[in-house]
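Residue strings, one per chain:
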Amino acid sequence: MPLVYVTLAERTTSQDRRAQIGDAIHRALIEVANAPEDDRFQVINEVPLANLIYSPDFMGFDRSPSVVFIQIFFNRDRLEALASQAGRSVDVKRALYARIAENLGAAGLRGDDILINLVEMPKENWSFGRGELSYPPAAASSTR
Amino acid sequence: MPLVYVTLAERTTSQDRRAQIGDAIHRALIEVANAPEDDRFQVINEVPLANLIYSPDFMGFDRSPSVVFIQIFFNRDRLEALASQAGRSVDVKRALYARIAENLGAAGLRGDDILINLVEMPKENWSFGRGELSYPPAAASSTR
Amino acid sequence: MPLVYVTLAERTTSQDRRAQIGDAIHRALIEVANAPEDDRFQVINEVPLANLIYSPDFMGFDRSPSVVFIQIFFNRDRLEALASQAGRSVDVKRALYARIAENLGAAGLRGDDILINLVEMPKENWSFGRGELSYPPAAASSTR
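Calculation rules
Residues numbered from 1 in each chain as written. Chains lettered and ligands numbered in written order. Predicted model: local features only at pLDDT ≥ 70, side-chain atom pairs only at ≥ 80, totals over all residues. Heavy atoms only, no water. Contact = heavy atoms within 4.5 Å. Buried area = accessible area lost by both parts, 1.4 Å probe. Polar contact = N/O pair within 3.5 Å; in protein donor to acceptor, adjacent residues only side chain to side chain. Helix = DSSP H or I, 4+ residues; strand = E, 2+ residues; numbered from the N terminus. Nonpolar A, V, L, I, M, F, W, Y, C, P; charged D, E, K, R; others polar. Axes fitted to C-alpha atoms, helices over the stretch in contact; angles between N-to-C directions. Left-handed = near helix turned anticlockwise from the far one by under 90°. Core = buried A, V, L, I, M, F, W, Y, C linked by side-chain atoms within 4.5 Å. Buried < 20%, exposed > 50% of the residue type's maximum accessible area, 1.4 Å probe, protein only. Phe/Tyr/Trp six-rings, centres within 6.5 Å; stacked < 30°, edge-to-face > 60°. Least-squares fit on C-alpha atoms with pLDDT ≥ 70 in both. Salt bridge = Lys/Arg side-chain N within 4 Å of Asp/Glu carboxyl O. Pairing = 2+ DSSP bridges.

Listed by partner, the interface residues are 34 residues for chain C and 34 residues for chain B. With both chains or domains summed, chain C and chain B bury close to 2900 Å², and 58% of this area falls on carbon and sulfur atoms. Summed over the shared surface of chain C and chain B, the number is 18 residue pairs in polar contact (both at pLDDT 80 or more). Broken down by secondary-structure element, the contributors of at least two residues to the side of chain C that touches chain B are strand S2 (41-47), strand S3 (52-54), strand S4 (68-75), helix H3 (89-106) and strand S5 (114-121) of chain C. Taken together, the residues that form the side of chain C that touches chain B break down as 19 nonpolar, 8 polar and 7 charged.

This is the structure in structure tokens:
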């Protein structure tokens with residue numbers, strides 16, 4: 001159920017590198033946010049560098065043309081279920097961002113080049129195939 | 001007021017097919033979600049197949065490289081107004097997904113290749129022209 | 001913290017014009033929505049005209065192939081902090097849309113070609129670098 005959009009500048013990555021970026025983000029979602037292993041849906045959007053506008057130093061970071069914007073659409077319910085075990089949902093989010101950066105770092109990305117934005121919605125807002133409601137209310141006791 | 005982003009792989013569709021995809025989604029929004037006939041705003045994003053990462057079988061579906069990711073940004077108020085007539089908002093969502101798949105199926109898409117994500121926001125979050133607030137609170141009794 | 005996606009048709013703008021569009025939107029966010037000067041993250045997505053589907057006249061406007069779809073992802077907390085000074089959050093939104101159109105108009109865009117959609121999220125949903133939570137709850141008294 002995470003739907004991930006990655007935006008980066010054309011010609012700054014190889015196809016292998018882009019696959020690694022997708023892998024790193026997906027592993028973080030599995031490891032920290034309890035996403036199922038095979039629940040992977042990602043779009044990598046390559047735009048001309050001039051169309052990827054970023055502050056080089058906002059909040060004291062040192063961003064380069066290799067910056068990646070990561071936007072994650074995620075079930076609010078899933079995060080809240082995790083939070084009820086782990087503490088506050090903000091702790092789950094903090095751990096998720098940290099793990100994404102750690103995994104991307106292992107793939108060779110600079111931490112300063114990673115921007116993450118999370119958008120949450122209720123679980124009824126997903127259909128993974130055939131127009132079926134994927135997480136009906138009757139399944140509320142399961143978070144899958 | 002729906003703003004629809006469709007992401008699909010380059011070279012998997014003709015321009016006619018893409019127009020049919022847009023039509024099918026828009027008709028579902030009119031038929032089920034009470035969108036005005038002429039309230040149609042859609043972006044079709046074609047990315048290299050390697051940049052469209054999808055699980056072939058998550059939740060038991062059988063996805064192909066013709067998979068389409070559909071993301072719909074929609075007024076929460078509109079859905080809630082419908083729900084107050086039709087029952088629960090989840091029923092409106094369920095009917096919407098089913099109709100999208102039905103209409104896309106009539107256009108020749110495989111149901112297993114359809115992924116839908118809905119993002120809701122209050123009606124004050126739209127401006128359709130000249131920087132005007134399109135749905136001011138004073139018009140709260142109308143859902144248009 | 002605003003993350004802005006602008007979608008427009010290929011070959012309708014020069015690179016200079018696209019930079020002006022980005023500038024105009026960013027200045028509006030600074031002037032009206034209290035965004036920090038250097039908090040600028042924008043993606044300009046150019047798609048084939050046939051993939052940018054818009055109603056030419058929804059709500060009485062007169063849209064052209066130069067239409068721009070602007071989607072702004074923004075902290076709900078920031079808007080609410082502004083609203084507590086300025087009145088209602090709807091007034092902040094109204095002023096923001098108006099200023100965006102005014103600034104884009106000064107850059108030569110037709111007001112009828114401007115569509116704006118705002119998506120809000122809590123401040124915990126951002127990481128601007130190194131996987132750090134950029135707006136931790138402890139900093140709740142500051143809106144930065």
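Residues and elements named next belong to chain C. Two elements in contact, helix H1 (residues 15-33) and H3, have axes separated by 8 Å at closest approach and are oriented at 145 degrees. Note on packing geometry: the crossing formed by H1 with H3 is right-handed. Facing H1, whose interface residues are Ile 21, Ala 24, Ile 25, Arg 27, Ala 28, Leu 29, Glu 31, Val 32 and Ala 33, H3 presents Val 92, Ala 95, Leu 96, Arg 99, Ile 100, Asn 103 and Leu 104. Within the contact of H1 with H3, the residues separate by chemical class into 12 nonpolar, 1 polar and 3 charged.

Take the nonpolar core next. In this structure, Ile 70 and Phe 73 of chain A, Ile 70 and Phe 73 of chain B together with Ile 70 and Phe 73 of chain C are the most contacted members of the largest nonpolar core, which totals 156 residues. Beyond its immediate sequence surroundings of up to four residues, Phe 73 of chain B is in contact with Phe 73 of chain A, Met 1, Pro 2, Leu 3, Tyr 5, Val 119, Met 121 and Trp 126 of chain B together with Gln 71, Phe 73, Asn 117 and Val 119 of chain C.

One pass over the full model with this rule turns up 24 aromatic pairs over all chains. Relative to Phe 69 of chain B, the ring of Phe 41 of chain A lies with its centre 5.9 Å away and its plane at 75 degrees, an arrangement referred to as edge-to-face. Of this pair, Phe 41 of chain A sits in strand S2 (residues 41-47) while Phe 69 of chain B sits in strand S4 (residues 68-75), each in a different chain. Ring geometry for Phe 128 of chain B against Tyr 135 of chain B: centres 6.1 Å apart, planes inclined by 85 degrees, an arrangement best described as edge-to-face. The exposure classification of Phe 128 of chain B matches that of Tyr 135 of chain B, with both residues buried.

Turning our attention to the relation of the copies chain B and chain A. Placing chain B over chain A gives an RMSD of 0.0 Å and needs a rotation angle of 120 degrees, together with 0.0 Å of translation along the axis. The superposition of one copy onto the other is thereby described by a three-fold rotation axis.

Moving on, we get to the interface of chain B and chain A. At the interface, 34 residues of chain B touch 34 residues of chain A. For the pair chain B and chain A, the summed buried surface comes to about 2900 Å²; carbon and sulfur atoms form 58% of the total. On the chain B side of the contact with chain A, Asn 51, Ile 53 and Phe 58 of chain B bury the most area, a combined 23% of that side's loss. Inspection of the chain B/chain A interface yields 1 salt bridge. A salt bridge links Asp 112 of chain B to Arg 130 of chain A; its shortest N-O distance comes to 2.6 Å. Linking chain B with chain A are 18 residue pairs in polar contact (both at pLDDT 80 or more).

Before going further, it helps to examine the pairing of S4 of chain B. All names here are of chain B. Most of S4 is tucked away: 8 of the 8 residues are buried. Because side chains alternate across S4, one face comprises the buried residues Val 68, Ile 70, Ile 72 and Phe 74, and the other comprises Phe 69, Gln 71, Phe 73 and Asn 75, equally buried. Note that strand S1 (residues 3-9) and S4 share 5 bridges and pair antiparallel. Its bridge partner lying in S4, Val 6 is registered against Ile 70. Taken together, the 8 bridges between S4 and strand S5 (residues 114-121) define a ladder with parallel strand orientation. Bridged to Ile 70 within S5 is Ile 116.

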